[in-house]
Amino acid sequence: MLATVLATSAALLATPVTGLLGHRALRRAVSARLLRIDSPNGIDEQGFVRIGGIEQWISIRGEDRANPVVVEIHGGPGASHSIFAERTRSWEAHFTIVRWDMRGAGKTFGRSGPQGQGELSFGRLYEDALDVTRYARERLGADRVVLVASSLGSVFGLRLARSHPELYSAYVGTDQNVLDAGRDTSVHEALLARLRAAGKDEDAAAVLAMGSDPHRLTADQRAAYGKLTVASDPLTLDTLKSVVLRSLWFSPLHSLRELGQYFAGMKFSARFTPELDAFDDRADGTRFELPFFVFQGDRDVITPAERARAFFDEVEAPVKEFALIEDASHFASFRHPDRFLELMLTRVRPVVVAAAGAGAA
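Structural notes, computed from the coordinates.

Rules used throughout
Residues numbered from 1 in each chain as written. Predicted model: local features only at pLDDT ≥ 70, side-chain atom pairs only at ≥ 80, totals over all residues. Heavy atoms only, no water. 1 Å grid on protein atoms, 1.4 Å probe; cavity = no way out; pocket = protein on both sides within 12 Å on 5 of 7 lines; lining within 4 Å. Points joined across faces, edges and corners; volume = space filled by probe spheres on them. Helix = DSSP H or I, 4+ residues; strand = E, 2+ residues; numbered from the N terminus. Nonpolar A, V, L, I, M, F, W, Y, C, P; charged D, E, K, R; others polar. Salt bridge = Lys/Arg side-chain N within 4 Å of Asp/Glu carboxyl O. Buried < 20%, exposed > 50% of the residue type's maximum accessible area, 1.4 Å probe, protein only. Pairing = 2+ DSSP bridges. Axes fitted to C-alpha atoms, helices over the stretch in contact; angles between N-to-C directions. Contact = heavy atoms within 4.5 Å. Phe/Tyr/Trp six-rings, centres within 6.5 Å; stacked < 30°, edge-to-face > 60°. Lys NZ or Arg CZ within 6 Å of the ring centre and 35° of its normal.

## With respect to the layout of surface pockets
Estimated volume of the second largest pocket: approximately 340 Å³. Taken together, 17 residues line the second largest pocket, and the ones lying closest to its centre are Pro-68, Asp-143, Arg-144, Val-352 and Ala-356. The greatest single-element share of the lining of the second largest pocket, amounting to six residues, is contributed by helix 14 (residues 337-360). Residue composition of the lining of the second largest pocket, by class: nine nonpolar, four polar and four charged.

Structure follows, in structure tokens:
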């Protein structure tokens, strides 16, 4: 996916014509007004916090601090969720949303550049996520928080939820990634089928030559594979353009300089992903001591719903629910933020609020 994001956005970033920049300025001004929080018990804090020995960007936004707290773990690698602030504005009426740009990503990467990110490994990022969780709990006076993890972030999310139920009131996975040390080849086979159906025989031959084992792929092959995966599916490609790139381009939180840093951070962050190839979520355990939810795009070709559902069916948890977000591929919660909010309000919030009430009693 990274290669496609970079290639698709290159033309946009390379053509700063007056009309394009003028339209961007107007849209950003409108978005900035929409993002204002004026409620008496609201919160809108954005800035850098010392996490894991470096300055990392954290945003805390919500209309009522009494609402349940959500800590997000973004995907990518390096694909910060801060660009989606306008699309998810309605969430902040019901939840206090804590967003964090991981080391190597977004504003955290822009703060000190590649030389200032320190160690970039799964273990280091995992410890950072725990520190961000503890910071959010202390800052907001919350005993536990809802963990919402997306795509690559859900690799962290499963392990955080499994190991630290004392910190989290519920786990919500979306674009849920299930790692199995490369045993499941369904994504590979589906990509080949799409390419062949579209008459892309040369691309299909290249994918076939790469093989289905991620351990064998070089960095360039991973990028090429991701590009073909996205480009071969019209819904995923449309989501990338109309949701992801559009959100980034019009984000009132990002300057033109920060747009470039966003993509540079994604490229930089890709270096730690090979260590995930041997991860096995089933081997790590399917028992979770907290409510467990998965809300997945019904047409996701990157993290297919069928694969997420199969893992979900094996999960043991006090409460668990699975739901599809229709007409959605990857980035399902941002393509259909209102549907995702509906699921959060009808499935997750009642469980979390009830548990908090029981604990207080």
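There is more to say, and it comes next.
## Some points on the pattern of salt bridges
By the definition in use, this model includes 25 salt bridges. Between Lys-107 and Glu-258 there is a salt bridge, with the nearest N and O atoms lying 2.9 Å from each other. Of this pair, Lys-107 sits in helix 3 (residues 106-112) while Glu-258 is found in helix 10 (residues 256-269), placing the two residues 151 residues apart along the sequence. Note on Lys-107: relative accessible area 10%, which makes it buried. Across the pair Arg-335 and Asp-238 runs a salt bridge whose closest N-O atoms are separated by 3.0 Å.

## Side note on the pairing of strand 4 (residues 96-100)
Burial analysis of strand 4 places five of its five residues in the buried class, which makes it a mostly covered element. Of the two faces of strand 4, the one lined by Thr-96, Val-98 and Trp-100 and the one lined by Ile-97 and Arg-99 are each fully buried. Relative to strand 4, strand 2 (residues 54-62) is paired through four bridges, and the arrangement is antiparallel. Each bridged residue has a counterpart across the sheet, and for Ile-60 the counterpart in strand 4 is Val-98. Of the pairings in the sheet, the one linking strand 3 (residues 69-73) to strand 4 comprises three bridges and is parallel in character. The residue bridging Val-70 from the neighbouring strand is Ile-97, located in strand 4.

## As for the sheet that holds strand 2
One open sheet accounts for eight strands, arranged 1-2-4-3-5-6-7-8; its pairing is mixed. The sheet is open, and its two borders are formed by strand 1 (43-51) and strand 8 (320-325), each paired with just one other strand. In this sheet, adjacent strand axes meet at a mean angle of 20° when their direction is disregarded. Here nine bridges tie strand 1 to strand 2, and the two strands are oriented antiparallel to one another. Considered in strand 2, the bridge of Glu-45 is made with Ile-60. Taken strand by strand, helix 5 (residues 152-163) contacts strand 3, strand 5 (145-150), strand 6 (168-174) and strand 7 (292-297), and its axis lies near 145° from that of strand 5.

## Topic: the packing of aromatic side chains
What the rule picks out here adds up to 16 aromatic pairs. On the basis of an interplanar angle of 45° and a centroid distance of 5.3 Å, the ring pair of Phe-109 and Phe-268 is categorised as tilted. Taken together, the residues span a long stretch of sequence, with Phe-109 in helix 3 and Phe-268 in helix 10 at a distance of 159 residues. In textbook terms, an aromatic cluster arises when at least three aromatic residues are bridged by ring pairs, as seen for Phe-84, Trp-91, Phe-293, Phe-295, Phe-331, Phe-334 and Phe-340. Across from the ring centre of Phe-48, 4.2 Å away, lies the NZ or CZ of Arg-111, which sits over that ring. Sitting over the ring of Phe-312, Lys-320 keeps its end group 4.7 Å from the ring centre.

## Remarks on the environment of Thr-239
Along the chain, the position of Thr-239 falls in helix 9 (residues 234-250). Judged by its relative accessible area of 1%, Thr-239 falls in the buried class. Excluding its chain neighbours within four sequence positions, the residues that come into contact with Thr-239 are Val-244, His-330, Phe-331 and Arg-335.

## Some words on empty space enclosed by the protein
Within the structure shown, the criterion is met by two cavities of 30 Å³ or more. Taken as a whole, the largest cavity spans an internal volume of roughly 60 Å³. Lining the largest cavity are Trp-57, Ser-59, Arg-61, Ser-82, Ala-85, Glu-92, Ile-97, Arg-99 and Leu-253. Of all the elements in the fold, those that place two or more residues in the lining of the largest cavity are strand 2 and strand 4. Top contributing element to the lining of the largest cavity by residue count: strand 2, with three residues. The residue inventory of the lining of the largest cavity, partitioned by class, reads four nonpolar, two polar and three charged. Put simply, the second largest cavity is a space of about 50 Å³. For the second largest cavity, the full set of lining residues is Val-70, Glu-72, Trp-91, Phe-95, Ile-97, Val-148, Phe-340, Leu-341 and Met-344. The set of elements that each furnish at least two residues to the lining of the second largest cavity consists of strand 3 and helix 14. Tallied by class, the residues present in the lining of the second largest cavity amount to eight nonpolar, no polar and one charged.

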